[in-house]
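Examining the three-dimensional arrangement
Below, each chain spelled out in residue letters.
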Amino acid sequence: MIVLRNLNLSYENTKLLKDISLNLQGGKHLAIIGESGSGKSLFARALIALFSQNYHLNAEEFLINEKNPTKLKNKALQEFRSEVALIFQDAQNSFYPYLNLGDIFHIVLKTHTNLNAKERKNKAFECMQTLGLKDLELLWHSFAYQLSTGMARRIQLALALSSSPKYLICDEITTSLDKQNEEKMIVLLKELKKNLSLILITHDFRLLSLCDEVLFFEKGKAKQFKAQEFLNSQNAWLKAYREIYA
Ligand SMILES: Nc1ncnc2c1ncn2[C@@H]1O[C@H](COP(=O)(O)OP(=O)(O)OP(=O)(O)O)[C@@H](O)[C@H]1O
C-alpha cells in the first residue's frame, strides 16, 4: 500500500512538486500521466528518495509498504529500493557502458541479495527467461551498445525483477519501441502485474487500461482519479491528447 500526504520537492529555492497526495491500495496499479515537464519523472524518483543533497523532499505522510524512504539510510534504503524498483526513461543509457551485462547483474544482485556468484547468474538467467530473452550466454557477455532499445528495456526489467520487487515503476517503457516490441512489452506488463504492483508513467492509453488508478500531473501538482472515471472525464489534457492521437 502507498500513502502519501502533501509530498513536496524543491531544488534549492525552486519548488518542483507541490502538495502531492496519493492513496494506492495493495495489489492496485497506477498510471502517472500529464504533459511533458509536469513532474512525473521527478515524482518517480521521489517515490524511492533518489535525489542529491540540494533537493529537499518531505511529506506529512509518506509510506510505501509501511516504510518511509526519506527516513531510511544505507542498507535499509538499498533494501527498500529492491522492493520498489524504478526503470528509467532512457533505459539504454542507464547501463554503465564499460561493464558487460553479466558484471552489471552481479553488481545489482550483490547489492540487493545475499546470493553467491553461481546463484546470482542462475537468478539473472531465470529473470531474463521470464522476459522471453534468448541466447542468454551471449547476452551475459554483451555490452549496452550492442542492445536494441527493446532489448535494453527488457534487460532493465530483468535487472529490476532480479531483486523481486513488490512495486515496479516504469518511466515511458513503451516509448521509442517499434509496434511489434510495443505489443510484446504490453503483454509482458500484463503478465508481470499478476505478481507485483505496476506504476506506469505513460502517454500510451493501452497502458492506462492496465491500471486501476490515475495520478494526473499538471505543473508540479497532481490529482488522483479512478482510471475509468478519468477516461470518462472532460479533462482538457485527455481531450487534446485524444484529438492528436485519434
Ligand atoms: N534541479 C532542477 N531545477 C529546476 N528545475 C528542475 C530541476 N530538475 C527538474 N526540473 C524541472 O522540473 C520539471 C519536471 O521535470 P520531469 O522530468 O519530472 O517532467 P516529466 O513530467 O517527467 O516530463 P516528460 O514527460 O517530458 O518526461 C521540468 O520542467 C524540469 O525542467
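Residues numbered from 1 in each chain as written. Predicted model: local features only at pLDDT ≥ 70, side-chain atom pairs only at ≥ 80, totals over all residues. Heavy atoms only, no water.

Under the convention used in this document: UniProt positions are given in the numbering used here, feature names are shortened, and annotations may be inferred rather than shown by experiment.
By the naming in an unreviewed UniProt entry, the protein chain is ABC transporter ATP-binding protein, taken from Campylobacter vulpis. In its Subcellular location (unreviewed entry) section, UniProt records this for the protein chain: "Cell inner membrane". Reading the Sequence similarities (unreviewed entry) entry of the UniProt record for the protein chain gives the comment "Belongs to the ABC transporter superfamily."

1. What to know about the site of the ligand
Definition in use: A single heavy atom is enough: if one lies within 4 Å of a molecule or strand, its residue is considered near that molecule or strand. Counting of polar contacts relies on pairs of N or O atoms within 3.5 Å, with two restrictions inside protein: one atom must be capable of donating a hydrogen and the other of accepting it, and residues adjacent in sequence are counted only when both atoms are side-chain atoms. To measure how exposed things are, a 1.4 Å probe is used in the Shrake-Rupley method; for residues, cover is taken only from the protein chains shown. We call Asp, Glu, Lys and Arg charged. Ala, Val, Leu, Ile, Met, Phe, Trp, Tyr, Cys and Pro are nonpolar, and the rest, Gly among them, are polar.
Around the ligand lies a shell of 13 residues, among which Ser36, Gly37, Lys40, Ser41 and Leu42 are the nearest. The backbone of Gly39 places a nitrogen or oxygen atom 3.1 Å from an oxygen atom of the ligand. A distance of 2.9 Å separates an oxygen atom of the ligand from a polar atom in the backbone of Leu42. About the coverage of the ligand: the protein hides 63% of its 650 Å² of free accessible area. Within the shell around the ligand, the residues separate by chemical class into 4 nonpolar, 7 polar and 2 charged.

2. Structural notes on the side chain of Arg120
We count it as follows: A run of DSSP states H or I qualifies as a helix once it reaches four residues; a run of E qualifies as a strand once it reaches two. Both are numbered from the N-terminal end. Any residue under 20% of the maximum accessible area for its type is buried, any over 50% is exposed, and the rest in between are partly exposed; the area is computed with a 1.4 Å probe on protein chains only. Charge counting follows a simple rule: Lys and Arg are positive, Asp and Glu are negative, and His as well as the terminal groups are ignored. Any Lys or Arg side-chain nitrogen found within 4 Å of a carboxyl oxygen on Asp or Glu counts as a salt bridge. Whether two residues are in contact is decided by their heavy atoms: any pair within 4.5 Å suffices.
Note that Arg120 resides in helix H4 (residues 117-130). As a buried residue without a salt bridge, Arg120 has its nearest oppositely charged side chain in Glu119, at a separation of 7.2 Å. The contact partners of Arg120, leaving out residues within four places of it in the chain, are His106, Leu109, Lys110 and Leu115.

3. Regarding the pairing of strand S8 (residues 197-201)
The cut-off we apply is this: Pairing between two strands requires that DSSP report at least two bridges joining them. The definition of a right-handed crossover adopted here requires that, viewed with the strands pointing away, the path from the first strand over the helix to the second runs clockwise.
With respect to burial, S8 is a largely interior element, 5 of its 5 residues being buried. Sheet analysis places strand S3 (residues 30-34) next to S8, joined by 3 bridges and oriented parallel. Each bridged residue has a counterpart across the sheet, and for Ala31 the counterpart in S8 is Leu200. In this view, the connection linking strand S7 (residues 167-171) to its parallel neighbour S8 by way of helix H7 (residues 179-192) has right-handed handedness.

4. Observations concerning the pattern of salt bridges
Counted under the stated rule, the structure contains 12 salt bridges. Residue Glu126 pairs with Lys123 through a salt bridge whose shortest N-O separation is 3.8 Å. Of this pair, Glu126 and Lys123 both sit in helix H4, 3 residues apart, roughly one helical turn. Take Glu126: its relative accessible area is 45%, and that puts it in the partly exposed class.

5. Here's the deal with the sheet that holds strand S9 (residues 213-218)
Within a sheet, each strand pairs with its neighbour through backbone hydrogen bonds, oriented either parallel or antiparallel. In plain terms, the rule: Every axis in this analysis is a line fitted to C-alpha atoms, fitted for helices over the stretch in contact. Angles between the N-to-C directions lie between 0 and 180 degrees.
Read from one edge to the other, the open sheet built from 6 strands follows the order S6-S7-S8-S3-S9-S10, with strand pairing classed as mixed. The sheet terminates laterally at strand S6 (84-87) and strand S10 (221-226), the two strands that pair on one side only. Each strand axis lies, on average, 15° off the axis of its neighbour in the sheet, ignoring direction. Both S3 and S9 contribute to a ladder of 5 bridges, which runs parallel.

6. Overview of the nonpolar core
Note the threshold: By convention a nonpolar core is built from buried Ala, Val, Leu, Ile, Met, Phe, Trp, Tyr and Cys residues, the set being connected through side-chain atoms within 4.5 Å.
The biggest cluster of nonpolar side chains holds 52 residues, and the ones touching the most others in it are Met128, Ile155, Leu168 and Leu189. The element best represented in this core is helix H6 (residues 149-161), accounting for 7 residues. Excluding anything up to four places from it in sequence, Leu189 contacts Cys170, Ile173, Leu198, Leu200, Leu207 and Leu210. Formed by 30 residues, the second largest nonpolar core is a distinct cluster that contains Ile32, Leu42, Ile48 and Val84.

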